[in-house]
Amino acid sequence: GWCPLSPAGTQTTQLLVQPPWRPAVLWDRVTLTCQGSGTTGATTWYKDGQHWGQSSHNRFTVTESGTYMCDRPGSGLSPPVSVLDAPLVLQVPTRALLEGDMLTLRCRR
């Protein structure tokens, strides 16, 4: 059966990656968008576990490699997203995958 990832009624914050491939790489001009279903207000950004700043914007283009998280009022901290500065990378789509799904891999340099 279906099992929710968080208890009913809780709000969650997600960090969306564009283009939608993992791992994200710096030279892909990655845009991160912080989405939360809580109250409106400033987005707090974290990089490599440290407070990185606060902004009224919930989206930005990454210019430094690192591990990013965001916090939206009322819905909490997002899971981390790593952006690598790697010369060669094997990428998979960010969508959820199930056994038996067709999968496109990208090997990029």
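Conventions we followed
Residues numbered from 1 in each chain as written. Predicted model: local features only at pLDDT ≥ 70, side-chain atom pairs only at ≥ 80, totals over all residues. Heavy atoms only, no water. Helix = DSSP H or I, 4+ residues; strand = E, 2+ residues; numbered from the N terminus. Contact = heavy atoms within 4.5 Å. Polar contact = N/O pair within 3.5 Å; in protein donor to acceptor, adjacent residues only side chain to side chain. Salt bridge = Lys/Arg side-chain N within 4 Å of Asp/Glu carboxyl O. Buried < 20%, exposed > 50% of the residue type's maximum accessible area, 1.4 Å probe, protein only. Pairing = 2+ DSSP bridges.

You'll find the protein chain entered in an unreviewed UniProt entry as FCRL4 protein, with Pomatorhinus ruficollis given as the organism.

A.B. asks: Looking at this model, I keep getting lost on the environment of Gln 54. Mind explaining?
C.D. replies: Among the secondary structure elements, Gln 54 is positioned in strand E6 (residues 50-55). It is 6.3 Å that separates the C-alpha atoms of Gln 54 and Ala 42, two residues lying twelve residues apart in sequence. Those residues in contact with Gln 54, other than ones at most four positions away along the chain, are Ala 42, Thr 43 and Thr 44. Of the polar contacts made by the side chain of Gln 54, one reaches the side chain of Thr 44; its length is 3.3 Å.

A.B. asks: Would you take a moment to explain the pattern of salt bridges for this structure?
C.D. replies: If the charged atoms of two oppositely charged side chains come close together, the side chains can form a pair. One pass over the structure, following the stated rule, counts four salt bridges. In this structure, the salt-bridge partner of Arg 108 is Asp 28, at a minimum N-O distance of 2.8 Å. Placement of the pair is Arg 108 in strand E12 (residues 106-108) and Asp 28 in the loop between strand E3 (24-25) and strand E4 (31-36), with a sequence separation of 80 residues. According to the relative accessible area criterion, Asp 28 is buried, its value standing at 17%. Here Glu 64 and Lys 47 are joined by a salt bridge, their closest N and O atoms 3.4 Å apart. Note that Glu 64 is positioned in the loop between strand E7 (59-61) and strand E8 (66-72) and Lys 47 in strand E5 (residues 43-47), a separation of 17 residues in sequence. Judged by its relative accessible area of 38%, Glu 64 falls in the partly exposed class. One network of salt bridges, with partners in common, ties together Asp 28, Arg 106 and Arg 108.

A.B. asks: Please clarify how the environment of Glu 64 should be interpreted in this entry.
C.D. replies: Sequence-wise, Glu 64 and Trp 27 are 37 residues apart; in three dimensions their C-alpha atoms are separated by 9.8 Å. Ignoring anything within four residues of it in the chain, the contact list for Glu 64 reads Leu 26 and Lys 47. A polar side-chain atom of Glu 64 sits 3.4 Å from a polar atom in the side chain of Lys 47.

A.B. asks: Any chance you could explain the sheet that holds strand E11 (residues 89-93) here in plain terms?
C.D. replies: Working definition: the strands of a sheet are paired by backbone hydrogen bonds and lie parallel or antiparallel to each other. Here we have three strands laid out as an open sheet, ordered E2-E11-E12, and antiparallel in their pairing. Of all strands in the sheet, those with a lone pairing partner are strand E2 (21-22) and E12, marking the two edges. Sheet topology note: the E2/E11 ladder contains two bridges and is antiparallel. Counted as the bridge partner of Trp 21 is Pro 93 from E11.

A.B. asks: What should I look at first to understand the pairing of strand E10 (residues 81-84) in this one?
C.D. replies: For a regular strand, the rule is simple: side chains alternate between the two faces of the sheet. Along E10, the buried face is formed by Val 81 and Val 83; none of Ser 82 and Leu 84, which line the opposite face, is buried. Sheet topology places E3 next to E10; two bridges connect them, and they run parallel. Across the sheet, Val 25 pairs through a bridge with Leu 84, a residue of E10. Where E8 and E10 come together, three bridges link them in antiparallel fashion. Looking across to E10, one finds that Gly 66 is bridged to Val 83.

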